[in-house]
Structure formats: C-alpha cells, structure tokens
Amino acid sequence: MQGMEQAGIVNGKTKVILGFGSVEKPTFYAETTSKGHDKRHKKHADDMGITFNQWLNEAADLLNADTGEDYLDWYDPGDRLFYRFDEKKSRIVIGTENQSINTYFALPKSRYKNYLPDEYLARVTKKK
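Computed from a prediction, not measured in an experiment: that's the story for all the values here.

### Some points on the environment of Gly95
Stage number 1. Here Gly95 shows up in strand 5 (residues 91-96).
Stage number 2. The class of Gly95 is buried, set by a relative accessible area of 0%.
Stage number 3. Taking the C-alpha atoms as reference, Gly95 lies 8.7 Å from Arg84; in sequence the two are 11 residues apart.
Stage number 4. Excluding its chain neighbours within four sequence positions, the residues that come into contact with Gly95 are Phe28, Leu63, Arg80, Leu81, Phe82, Ser100 and Asn102.

### Remarks on the side chain of Thr96
Stage number 1. Its location among the elements puts Thr96 in strand 5.
Stage number 2. Apart from residues no more than four positions distant in its own chain, Thr96 is found in contact with Pro26, Phe28, Thr33, Arg80, Leu81, Phe82 and Asn102.

### As for the pairing of strand 4 (residues 81-86)
On any regular strand, side chains alternate: one points to one face of the sheet, the next to the other face.
Stage number 1. Counting buried positions along strand 4 yields 6 of 6 residues, so the element is predominantly enclosed.
Stage number 2. Judged by which residues are buried, strand 4 turns out to be covered on both faces: Leu81, Tyr83 and Phe85 on one side and Phe82, Arg84 and Asp86 on the other are all buried.
Stage number 3. Counting the residues that bridge the hairpin from strand 3 (residues 71-76) to strand 4 gives 4 residues, and of these Arg80 lies at a positive phi of roughly 55°.
Stage number 4. Where strand 4 lies against strand 5, 6 bridges are found, and the strand directions are antiparallel. Across the sheet, residue Arg84 finds its bridge partner in strand 5, namely Val93.
Stage number 5. Hairpin connection from strand 4 to strand 5: 4 residues lie between these consecutive antiparallel strands, with Ser90 at a positive phi of about 55°.

### A closer look at unusual backbone geometry
Outside of glycine, negative phi angles account for most residues, and trans bonds account for most peptide bonds.
Stage number 1. Backbone geometry at Asn11 places phi at a positive 55°, although glycine is not the residue there.
Stage number 2. Residue position: Asn11 is located in the loop between strand 1 (7-10) and strand 2 (14-18).
Stage number 3. With relative accessibility at 40%, the residue Asn11 sits in the partly exposed group.

Definitions and limits used
- Residues numbered from 1 in each chain as written.
- Predicted model: local features only at pLDDT ≥ 70, side-chain atom pairs only at ≥ 80, totals over all residues.
- Heavy atoms only, no water.
- Helix = DSSP H or I, 4+ residues; strand = E, 2+ residues; numbered from the N terminus.
- Buried < 20%, exposed > 50% of the residue type's maximum accessible area, 1.4 Å probe, protein only.
- Contact = heavy atoms within 4.5 Å.
- Pairing = 2+ DSSP bridges.

So this is what it looks like as structure tokens:
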C-alpha cells in the first residue's frame with residue numbers, strides 16, 4: 001500500500017486500497033468465476049433488465065473502463081478482488097485477479113454501507 005491516503009475501510013473492518021493503489025488491474029473478460037453462481041448472476045441480469053450476455057459484457061466493460069469521476073474504485077488485498085462502483089447508475093461490479101467477473105448488480109442506496117468503503121460512503125452521502 002502506498003501511503004495512508006489510499007487506505008480505506010469497508011463495513012468497519014475490511015481494509016482496502018482506494019483507487020487500486022499500486023496494484024495492477026488486469027483486463028477483465030466476459031466470463032464468471034463460477035458456473036455455479038450463474039443462476040444468481042442471471043437473476044441480477046433480470047433485475048437490471050438485461051440479458052445474461054449483456055450482463056457479462058457490461059460487467060467486463062465497466063471494470064475495463066478508464067478511471068473516471070463517476071467511478072469509485074478499490075481493491076481488497078485479502079480477497080484479491082477489484083471493485084468498481086458506478087455512481088450514476090448505482091451499479092457495483094467485482095472482478096478477480098484471474099480476470100473474471102465475480103458479480104455485478106444494481107446496488108440500492110440502503111446497502112451502500114455494506115459495500116462502499118467508509119471514505120467513499122461519506123463522499124456519496126454528501127452528494128445526495
């Protein structure tokens with residue numbers, strides 16, 4: 001971790017690196033980490049009003065997009081997962097170091113505190 005300004009905490013306990021720090025983000029592919037979870041992933045796609053193939057492609061595209069002011073990025077070194085939250089669409093995507101999609105779903109405001117680092121939660125709450 002490069003400096004304390006990049007440290008973050010999720011849900012009062014999980015230490016993360018804000019903005020990915022010095023961790024090199026891989027290129028993500030439109031595939032999931034586990035076919036066993038695809039039933040749940042298909043439900044997320046249905047909830048978002050898109051097909052499962054669209055879900056896969058949107059998730060990969062969101063993770064692969066350049067850093068932007070509408071995106072909140074962080075990396076969990078314990079689980080080795082990359083997170084990106086799209087503030088405009090209120091959608092969160094999680095990718096693995098193995099370049100696959102862990103999950104992608106619409107994140108209701110009532111659940112922000114369960115997923116967003118405290119430092120980002122404060123930022124998002126101030127905007128609303």
